Amino acid sequence: MRQKECFQPFSPQELSFTQGFKSGELSVDAGTTIQIEGSETPHLYTVLSGMGVRYKTLENGRRQVINFILPGDFVGLQAGVMGVAGHSVEATTPMVLCTFRRSDLWRLFQNHPGRAYDLVWLAASEEAFLGQSLVTVGQRKGLERVSWALLKLFDRLKHLGLAKGNRVPLPYRQQDVADALGLSLVHTNKTLGVLRSRHVARWSDGELQILDRETLQGYALVEEEDVGQRPLI
């Protein structure tokens, strides 16, 4: 993961500390619940490979996907600071996770403020994304929502070096996207059909292809964004 250009480089001191902070690695199968909403968890994680979802559920079983988890993402910070998890995390594909002991989190702030600041940056980035998501669910219409989501996922995966031309792997279900955007599965499916018929974007067999980015951005009501390097814990 450190070799990817999207992540900020480690100094020798940062690398040594982070390797000492690491307690092991965990491999999980697709469908594994990594974190349960409302529970305490002894570990924090960095995703080394695989993809998953963060979500919250209502008592009647309805689900809101909060975000899609990709390689390099940090999982469990909220539970690490607040004591209990505010949302659940599930693996969509087989995943490999770098594990850290939650009890060592304060040691990170005490002994390596630079790494601790990276955690604050990640938390602020997540807050900014949730603000964008709230605007999307509250103000964008169906076609605008789906277009926004496809662009966000494509750009995140491209930033990780996972794009091949105008294609990226996207092994999620349409239901996951529907639950993220506050749309029904039927509405999501029809909207994806519209994008496909207009030769703007195609998502099938676990792969997303952007055919007309300019038009997709117009539907999503967004402009091109410059994405710089980000921290890796």
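Caption draft 1: Local environment of the overall build of the chain. Within the chain one finds 8 helices and 11 strands. In terms of overall size, the chain behaves like a compact globule, its C-alpha atoms giving a radius of gyration of 18 Å where 233 residues would be expected to give roughly 17 Å. Taking the principal axes of the C-alpha coordinates as reference, the chain spans close to 55 × 40 × 30 Å. A total of 233 residues make up the chain; the buried ones form 44% of that total. Put simply, 72% of the contacts in the chain that link residues at least 6 apart link residues at least 24 apart. By element, 52% of the accessible surface of the chain is carried by carbon and sulfur atoms, the whole surface being about 12,100 Å². Of note, the chain has its 26 positive side-chain charges centred 3 Å away from the centre of its 25 negative side-chain charges.

Caption draft 2: Up close: the layout of surface pockets. Space inside the largest pocket adds up to approximately 1,300 Å³. In this structure, the largest pocket is lined by 39 residues; those nearest its centre are N67, S125, F129, R156 and R230. Of all the elements in the fold, those that place two or more residues in the lining of the largest pocket are β5 (63-69), β6 (74-75), α2 (77-82), α4 (113-139), α5 (142-159) and α8 (213-220). For the lining of the largest pocket, the element with the highest residue contribution is α4, accounting for 10 residues.

Caption draft 3: Expanded view of the nonpolar core. Counting 36 residues, the largest nonpolar core has F68, L150, Y172, W203 and L208 as its most contacted members. Broken down by secondary-structure element, the contributors of at least two residues to this core are β4 (52-57), β5, α5, α6 (174-181), α7 (185-197), β10 (201-204), β11 (207-210) and α8. Here this core takes 8 residues from α5, the largest share from any one element. Not counting residues up to four positions away in its chain, the partners in contact with L208 are L150, F154, N166, R167, V168, L170, R202 and W203.

Caption draft 4: Spatial organisation of the pattern of salt bridges. According to the stated counting rule, one finds 14 salt bridges in the structure shown. For the salt bridge of D104 with R101, the shortest nitrogen-to-oxygen distance reads 3.0 Å. Exposure remark for R101: the relative accessible area of 36% places this residue in the partly exposed category. Through salt bridges with shared partners, a single ionic network connects R63, R173, D176 and D179.

Caption draft 5: Just α5, in detail. Across its 18 residues, α5 extends 26 Å between first and last C-alpha, which sits within 8% of the 26 Å expected from 1.5 Å per residue. Across the 18 residues of α5, 13 count as buried, placing the element largely inside the fold. G161, located one to two residues past α5, shows a positive phi value of around 80 degrees.

Caption draft 6: Molecular detail of the packing of α5 against α8. Running from N to C, α5 and α8 cross one another at 125 degrees; their axes reach a closest spacing of 7 Å. Taken together, the axes of α5 and α8 lie oblique to each other. For the pair α5 and α8, the crossing hand works out as left-handed. Touching L143, E144, S147, W148, L151, F154 and D155 of α5 are R213, L216, Q217, Y219 and A220, all from α8. Among the residues forming the contact of α5 with α8, the class breakdown is 7 nonpolar, 2 polar and 3 charged.

Caption draft 7: Local environment of the sheet that holds strand β1 (residues 22-28). Spatial strand order, β1-β8-β3-β6: 4 strands in an open sheet with antiparallel pairing. Here the strands that pair on one side only, and so sit at the sheet edges, are β1 and β6. Sheet topology places strand β3 (residues 43-49) next to β6; 2 bridges connect them, and they run antiparallel. Across the sheet, residue T46 finds its bridge partner in β6, namely F74. Against the sheet, helix α1 (residues 12-21) contacts β1 and β8 (95-101), and its axis sits at roughly 65 degrees relative to β1.

Caption draft 8: Representation of unusual backbone geometry within the structure. The phi dihedral of H199 falls on the positive side, at around 60 degrees, and the residue is not glycine. The exposure class assigned to H199 is exposed, which follows from its relative accessible area of 53%. Positive phi, close to 55 degrees, is recorded for D205, a residue that is not glycine. Here D205 is to be found in the loop between β10 and β11. Judged by its relative accessible area of 82%, D205 is exposed.

Calculation rules
Residues numbered from 1 in each chain as written. Predicted model: local features only at pLDDT ≥ 70, side-chain atom pairs only at ≥ 80, totals over all residues. Heavy atoms only, no water. Helix = DSSP H or I, 4+ residues; strand = E, 2+ residues; numbered from the N terminus. Rg over C-alpha atoms; globule rule 2.2 N^0.38 Å. Buried < 20%, exposed > 50% of the residue type's maximum accessible area, 1.4 Å probe, protein only. Contact = heavy atoms within 4.5 Å. Areas by Shrake-Rupley, 256 points an atom, 1.4 Å probe, with all protein chains shown as cover. Lys, Arg positive; Asp, Glu negative; His and termini not counted. Charge placed at Lys NZ, Arg CZ, Asp CG, Glu CD. 1 Å grid on protein atoms, 1.4 Å probe; cavity = no way out; pocket = protein on both sides within 12 Å on 5 of 7 lines; lining within 4 Å. Points joined across faces, edges and corners; volume = space filled by probe spheres on them. Core = buried A, V, L, I, M, F, W, Y, C linked by side-chain atoms within 4.5 Å. Salt bridge = Lys/Arg side-chain N within 4 Å of Asp/Glu carboxyl O. Expected span 1.5 Å × (residues − 1). Axes fitted to C-alpha atoms, helices over the stretch in contact; angles between N-to-C directions. Parallel < 35°, antiparallel > 145°, perpendicular 65-115°, else oblique. Left-handed = near helix turned anticlockwise from the far one by under 90°. Nonpolar A, V, L, I, M, F, W, Y, C, P; charged D, E, K, R; others polar. Pairing = 2+ DSSP bridges.

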